[in-house]
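Here are the chains, one letter per residue:
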Amino acid sequence: MWRLALLFSGAQLLAAELAEEALRILERNCLSCHSRQLALSGLDLSSREGALKGGTRGAAVRPGDVHSLLLQAVRQESKLAMPPGKKLPSDEIETLRRWVESGALWPRQNSAPGQPVWWSFRKVVRPAVPQSANPWVRNAIDAFVLAKLTEKGLKPSSPADGATLVRRLYFDLLGLPPTREQIDEYLRDQRPDAWERLVDKLLSSPHYGEKWGRHWLDLVRYADTAGFELDPYIADAWRYRDYVIASFNADKPYDRFIREQLAGDEFWPEDPESVMGTGFFCVGPNRDYYPDQADINRVETLTDYTDTTGSVFMGLTLGCARCHDHKYDPIPQRDYYRLQAIFAPAVKTRIALNRLGSLGYDVAANSREIKLQNIGEEIGAIQHRCRSKIYAQKMSLLRPEVQQALQTEDEKRTPAQKALATENAAKVAVSDAEIRACLTPEESERLRAIEVRLVSLFASYRPKPFACGVNDVGNHAPPTFMPVRGELLGVRVEPGFLTVLGGGEVGPGVDHREATGPIPLGPTTYRRKSLAEWITQPDHPLTARVMVNRIWHYHFGRGIVSTTSDFGSKGALPTHPELLDWLASEFVARKWSVKEMHRLILTSATWKQSSQITAEHRQKDPQNQWLSRFSRRRLSAEELRDSVLFATGNLNRKAGGRPVVTPLSKEETFGMIGRMEDSWIVHFDPSEYRRRSIYLMQKRTFRLPMLEVYDAPESMLSCPRRDSSTTAPQALTMLNGAFVMEQGARFARQLVSLEQTEAIRRAWRSILLREPQADELANARQFLVRQLETTGNDEAALVELVRGLLNSNEFLYVD
Amino acid sequence: MSTKRLPRRFDSRREFLLRTGMGFGALAATSLLEAAKPLAPRPPHSRPAAKAVIYLFMHGGVSHVDTFDPKPELARLHGQTLPPSYAKGLKTSRIDFTKAIIRGSPWKFSRYGRGGIEISELFPHLAQHADDFVLIRSCHGDAFDHAPAMYLWSCGSQLPGRPSLGAWVVYGLGSENQNLPAFVVMSDGAMKCGPQGYGAGYLPAIYQGTVFRAGEAPVLNLSNPPGVSSATQRATLDFIHQLNRKHLEARPWDDELEARLESYELAFRMQSEAPEAVDLSKETEATRKLYGIGEPHTDDFGRKCLLARRLVERGVRFVQLYSGTHLGDDWDGAHNDLLGSHTKMAAKSDKPIHGLLTDLKNRGLLDETLVVWASEFGRTPLAEGPNGRDHHPYAFSMWMAGAGIEGGRVYGSTDEFGLRPVEKPVTNFDVNATILRLLGLDHQRLTYYFQGRDMRLTDVHGENEFTHFLLPHRQVAEAKPHA
């Protein structure tokens, strides 16, 4: 629509709209085969010239002629029936008929020849910034936004007050609230660039990467375990998590970030920090551990790689093209397999973070293993005397047939013996305590000596210097086949890029690596490197657009394209197309710096608007798609948990490291897969339980109940945007959950020594970041009196006050 | 630009309405506050045969040839190998179909009911209901490990992350009781599918199954925190309400803030209603006995079945019960002990299910409740080791009762060894499309926009002959399948 408005006006609009609709029908149904790039049967329907010229059967469209070949084909009157395998709905056929009859107008004729039809597949052309004399406009963003607001008969909202902006900024960049003191510090700062200074200060905080890294982890379906019925740990997945956080903190240029994740091993094989990016391929769901299913698993893995890559970096829903040509986007099935072929030689591997140390080989672990085996046997030998003695005693107390059942090998037991054995197994079990009581002093001493050896063996035990990642099996890739009509071995496909985006083949992998260190670097195909280079071309139509749109989405709660991982024709159109393209070109010009984009957005008047909704907003911009205000938002699951810790003074700010497992009640872990002692290994140090949520164990089959009810993603598929639901279980969690009570109680213990008014003020300042108003103070006093009656003590009453404030909307929502 | 292209541009709750495919009409007609009640009852697409579902899931894999699909050929050829043509193309993790020997069933089968349906002696109580259910002998799939098979049958894909049947149903219909969860799950504990077997996938989290724990507080965080009296709790709730009311007054036109105020009242009501719903002491001794409550083998599953009836009675939409776990007793014990595992597991569930069907019937609830009995796969007609059977996804049995379904009939059949369906094969898609249809939902219209597609439980598959076989006669005229 926006494009049309530039080209047409008044009476022409109707015809143009018809044409636009007709072209869209062609685009959706015909272009995947009949475009300039593929032109099956010689037919190219992507331009008017192509349609008039036609293919091997002659002209497809004869303007004005309702018997044009194209119309015959879609009506499916004869053997020529298109599209294959389905028929267009009658209203679409009718649209095409009217369009041809009225002259087959082609309103996109001024697009460069060979340019794709769909907007997001065309290269970014930097638009001119609208001129505006309005003093509201602070930067180019505002100029674009204001132009659109004016067009829609809307005005921007007044700016939010300073305290609101500071809180909003802290949550936006750090995912944590400020303290009241930090707010005051800003309000006191009279320097003209006080705001810019605050933005810079927060961008350089280590907590920034924890907030923005979390967005990225959602996209790459990160978890610490693999999922399915054993849900095993993915060794060293957390190294990738820390790599993502560090990358955001360092403001790693986005093109470099992509290259490291797709092919760090091929670009910079000797730099473990870069190679760690390939953990991207390892942190998704997988069933690598299933026996006898390597073939199926491989297919699923390659599908996951292809779909996730398309979705995360290019905002494309490639999944549809796995089984057939994409129905909506010009992505033929062949392209899907060309892309998949790029990953065909990639296999998971362990990345040695300290390459010079040990050739990727953990010598210490190796000898420790031998020592442990030795110790295990020794313990068995020491205990043998007592164990067999006690066992014999217990056995002698049982009936003879039970004894016989127990002593028969399992395989040889009769069904009756089986039942007896199961029933009585516990009666002959020998416990550690029983053995301990029976040991001679000399035997006990030998065991104690072993304990000493064990402790020294593990005294310096730490996570090993490895990360997870991929590399190629060699410089020859296994062939990739595109299935044809359900046959597993179909047509062989060579690696390449998406045709609609210019296509191109991946050249044969010439391996020019040389062994430069003590470690010979393995040969590789360089396919993923080619892909990364192709995706990170500065003029790739999607890469920059998709990323700036994601950044915009995370700042404003909604993207300029609201379907942030679908830039195809089934996705939403951009509300501000020129702004999107301006941001995309700016992103590339500013060397793909994500922090630069934050600075642009956060210093705009658009972002600083108040979140108040007015009757006019409600009527003209109910969804706030035109940005007539700032969208109030609920805290995300992690922000909420982290804020409770922060506000009550309990947050442990430690960064990085292996994932933390917190203790949960039996009710909470009900239904968890596997044995608790293996699945939920609670950290020994309670201070770890109060760390930021991003560092908690993310089990793929079990979300922390508190995070789950607040819409934390399932981490099975890439999650480009979270739900923001409002439910009764959320209320129950905040109201009755042990977490809130525990943090509230810790906080109340500090408040109890204060005079009552001071305690109330302190609670208000810590949780709501402001002083209580007079009526609030009076109400709180009354409340404490009431709760002193019901609970009988001051501390319990204060816990209630804190619990109440933590449950308030003021705490949960960002204005 | 046609209006058809528009509805893809809304966020959070507002977008929800549109993602549901209800479109602008619904948006205009429904206040945004209504949209904030994702479990409010919603009208079905067509007249429903049932209002609620009780899904009895036998965890671990029930051997079809030992329960509902008798194969005398197995006994006759016991100890021999299969003819090579039969073995071709079949694969599981643990046995080789060309080498493993045929194992006859250790159980006897008899005919029951008007239709003379053959059922083994493992289910003496359940067999009395042969006239109440349709037995489907031709289920088949290709997932031969537990979790993928459970995901396939519950969620329509071997990979987790898709919404489960129960989630789709409450997404489509909402719930008739706002004070209880709409989709309740009761299991024996750790299951091989984990929570994703009853998850909401890409649907909003509110649609996932809520696990009911044993005891007085079935829902997580339902009880006041330890040491907090109801007077204290009420005072704090009032305090919260006061804070939020004031906050809202300064922020007009925000439905979401208002919805959150309401969620606290709902939570409060749930705190009183849920414990009542799970209080089995309200039931008569006769009813408790009917379910086998108080007897050692049947007490646990009997309680679950009785609870299921109480929940359905109170308007809960979907109740999923699992019998068996990842760690303890399980039908999957059949790997090395067919006799022991199946004897034990059948004894645990046979009488309780009999009690459930009888009780529902006596109370007139069976007609409006669909009861489904299923397992993730069957077991190999061939032997695994000296005493077992392996997983067999290529043919197995399930049954459905209630919802006005005319019972006493059998659908589909398998070959003489029970290896593959030979007649009217039924897939997970057929079953799920049919369950939705019985609830008045059109599986093609029950969609949710995700990753560039209007996703649905049945993917690209549809209703078929099977649906029509099951559909009560009064419904046939109304159902207009698109296929």
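1. Concerning the overall build of chain B
(1) Moving on: From N to C terminus, chain B includes 15 helices and 16 strands.
(2) Moving on: The buried share of chain B, taken over its 483 residues, is 58%.

2. Focus: the environment of B:Ala190
Residues and elements named next belong to chain B.
(1) Moving on: Mapped onto the secondary structure, Ala190 falls in the loop between strand 5 (183-186) and strand 6 (210-211).
(2) Moving on: For Ala190, a count of 21 C-beta atoms within 10 Å translates into the label buried.
(3) Moving on: Note: C-alpha distance between Ala190 and Thr325 (135 residues apart in sequence) is 5.6 Å.

3. Looking at the confidence of the model for chain B
All names here are of chain B.
(1) Moving on: The predicted model of chain B has a mean per-residue pLDDT of 87, with 89% of residues at 70 or higher.
(2) Moving on: This stretch, residues 20-33, has a pLDDT under 50; its non-local contacts, to residues over four places away or in other chains, come to 18 contacts.
(3) Moving on: This complex was scored by the predictor with a pTM of 0.82 and an ipTM of 0.83.

4. Structural notes on the interface of chain B and chain A
(1) Moving on: Contact residues are listed per partner, giving 72 residues for chain B and 79 residues for chain A.
(2) Moving on: Only helix 1 (12-19), helix 6 (146-155), helix 8 (230-249), helix 9 (255-277) and helix 12 (338-362) of chain B provide two or more residues apiece to the side of chain B that touches chain A.
(3) Moving on: A total of 10 residues in the side of chain B that touches chain A trace back to one element, the largest contributor, which is helix 8 of chain B.
(4) Moving on: Along the lines of polarity and charge, the residues of the side of chain B that touches chain A split into 34 nonpolar, 25 polar and 13 charged.

5. Remarks on unusual backbone geometry
Across the chain, the bulk of peptide bonds are trans and the bulk of non-glycine residues have phi less than zero.
All names here are of chain A.
(1) Moving on: In this structure, Pro83 follows Met82 across a cis peptide bond, with omega equal to -10°.
(2) Moving on: Residue placement: Pro83 occurs in the loop between helix 4 (69-75) and helix 5 (90-101).
(3) Moving on: One non-glycine residue, Gln76, lies in positive phi territory at about 55°.
(4) Moving on: Locating Gln76 in the fold gives a position in the loop between helix 4 and helix 5.
(5) Moving on: The phi torsion at Phe228 lies on the positive side, around 65°, for a residue other than glycine.
(6) Moving on: Its location among the elements puts Phe228 in the loop between helix 10 (207-219) and helix 11 (237-249).
(7) Moving on: By C-beta crowding, Phe228 is classed as buried, having 28 other C-beta atoms within 10 Å.

Conventions adopted
The residue numbering used here restarts from 1 in each chain and proceeds along that chain's sequence as written. Whichever chain is written first is A, and whichever ligand is written first is 1; the rest continue in order. Given that this is a predicted model, residues contribute local features only at a pLDDT of at least 70 and side-chain atom pairs are listed and counted only at 80 or more, while totals for whole chains, interfaces and linings are drawn from all residues. Under the DSSP-based scheme used, a helix requires at least four consecutive residues in state H or I and a strand at least two consecutive residues in state E, with every element numbered from the N terminus. Residue burial is a threshold on neighbouring C-beta atoms within 10 Å of the residue's own C-beta, all placed from the backbone, with 20 or more meaning buried, 12 or fewer meaning exposed, and counts in between meaning partly exposed. Looking at any residue, its pLDDT shows the predictor's confidence there, from 0 to 100. Residue pairs are scored as contacts if the distance between their C-beta atoms, which are placed from the backbone, is within 7 Å. Residues were grouped as follows: Ala, Val, Leu, Ile, Met, Phe, Trp, Tyr, Cys and Pro as nonpolar; Asp, Glu, Lys and Arg as charged; and all remaining residues, including Gly, as polar.

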